[in-house]
Amino acid sequence: MDEITGHKADENAVTKEEQWIQVGSNRQMQKTTEGWQLRVLWKNGTTTWEWLRNLKESNPVKVAEYAIAQGIAKEPAFAWWVPFVLRKRDRYISAVGTRYQK
């Protein structure tokens, strides 16, 4: 994968009104990526639409950075996992920097 060049949500995507669900006495954010596709430019020059669920597993940091840059990180399909991935990325970078300063 070279870069993500676009995104789209279909009618199955969870809306912001449906983002929260009641589980017992608690409200929880719905954890789903259903209905979202990202347009990917591959290294060989071809472009395809790929499901968010697949790209999130194979390239989570790149997808999270794309979501932030495009302003879609608050959408229900991204809101439940993007902050976690970016914090994890920052911890890894910090750990590597600390390790090499000794």
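Residues numbered from 1 in each chain as written. Predicted model: local features only at pLDDT ≥ 70, side-chain atom pairs only at ≥ 80, totals over all residues. Heavy atoms only, no water.

Draft legend 1. How the structure looks around the overall build of the chain. Secondary structure summary: the chain contains four helices and five strands in total. When the helices and strands of the chain are listed from N to C terminus, the series reads β-β-β-β-β-α-α-α-α. Split into buried and exposed, the 102 residues of the chain put 29% on the buried side. Residue pairs in contact within the chain that sit at least 24 positions apart in sequence constitute 55% of those at least 6 positions apart. Charge separation in the chain, taken as the distance between the mean sites of 16 positive and 12 negative side-chain charges, equals 10 Å. (Helix = DSSP H or I, 4+ residues; strand = E, 2+ residues; numbered from the N terminus. Buried < 20%, exposed > 50% of the residue type's maximum accessible area, 1.4 Å probe, protein only. Contact = heavy atoms within 4.5 Å. Lys, Arg positive; Asp, Glu negative; His and termini not counted. Charge placed at Lys NZ, Arg CZ, Asp CG, Glu CD.)

Draft legend 2. Representation of helix 2 (residues 60-70) in the model. When we look at burial in helix 2, the residues that qualify are Val63, Ala64, Tyr66 and Ala67. The buried residues of helix 2 occupy an angular sector of 160° when projected down its axis, which confines them to one face. Just past helix 2, the residue Gly71 takes up positive phi, approximately 75°. (Arc of directions from axis to C-beta.)

Draft legend 3. The arrangement of the pairing of strand 3 (residues 26-29) in detail. As paired strands, strand 2 (residues 20-23) and strand 3 are joined by four bridges and run antiparallel to one another. Within the sheet, the bridge partner assigned to Trp20 lies in strand 3 and is Met29. Between strand 2 and strand 3, which pair antiparallel in sequence order, lie two residues; one of them, Gly24, sits at a positive phi of approximately 65°. (Pairing = 2+ DSSP bridges.)

Draft legend 4. View of the packing of aromatic side chains. In total, this model carries two aromatic pairs according to the counting rule given. Consider the rings of Trp36 and Phe78, whose centres lie 5.2 Å apart with planes at 80°: the pair is edge-to-face. A residue pair is termed long-range when its members are at least 10 positions apart, and Trp36 in strand 4 (residues 36-41) and Phe78 in helix 3 (residues 76-79) qualify at 42 residues. For the pair Trp36 and Phe78, a shared accessibility class is recorded, and that class is buried. Between Phe78 and Trp81, the aromatic rings sit 6.1 Å apart at their centres with planes inclined by 35°, giving tilted as the arrangement. Classification of Trp81 as buried rests on a relative accessible area of 3%. A cation over an aromatic ring shows up here: Lys56 above the ring of Trp81, its NZ or CZ 5.5 Å from the ring centre. (Phe/Tyr/Trp six-rings, centres within 6.5 Å; stacked < 30°, edge-to-face > 60°. Lys NZ or Arg CZ within 6 Å of the ring centre and 35° of its normal.)

Draft legend 5. Representation of the side chain of Gln37 in the model. Considering the arrangement of structural elements, one finds Gln37 in strand 4. Overall, the relative accessible area of 15% leaves Gln37 in the buried class.

Draft legend 6. Expanded view of the pattern of salt bridges. Counting across every chain of the model gives four salt bridges. Linking Asp2 and Lys43 is a salt bridge whose minimum nitrogen-to-oxygen distance equals 3.8 Å. Highlighted residues: Asp2 in the segment before strand 1 (3-9) and Lys43 in the loop between strand 4 and strand 5 (47-51), separated in sequence by 41 residues. Given the relative accessible area of 66%, Lys43 is considered exposed. (Salt bridge = Lys/Arg side-chain N within 4 Å of Asp/Glu carboxyl O.)

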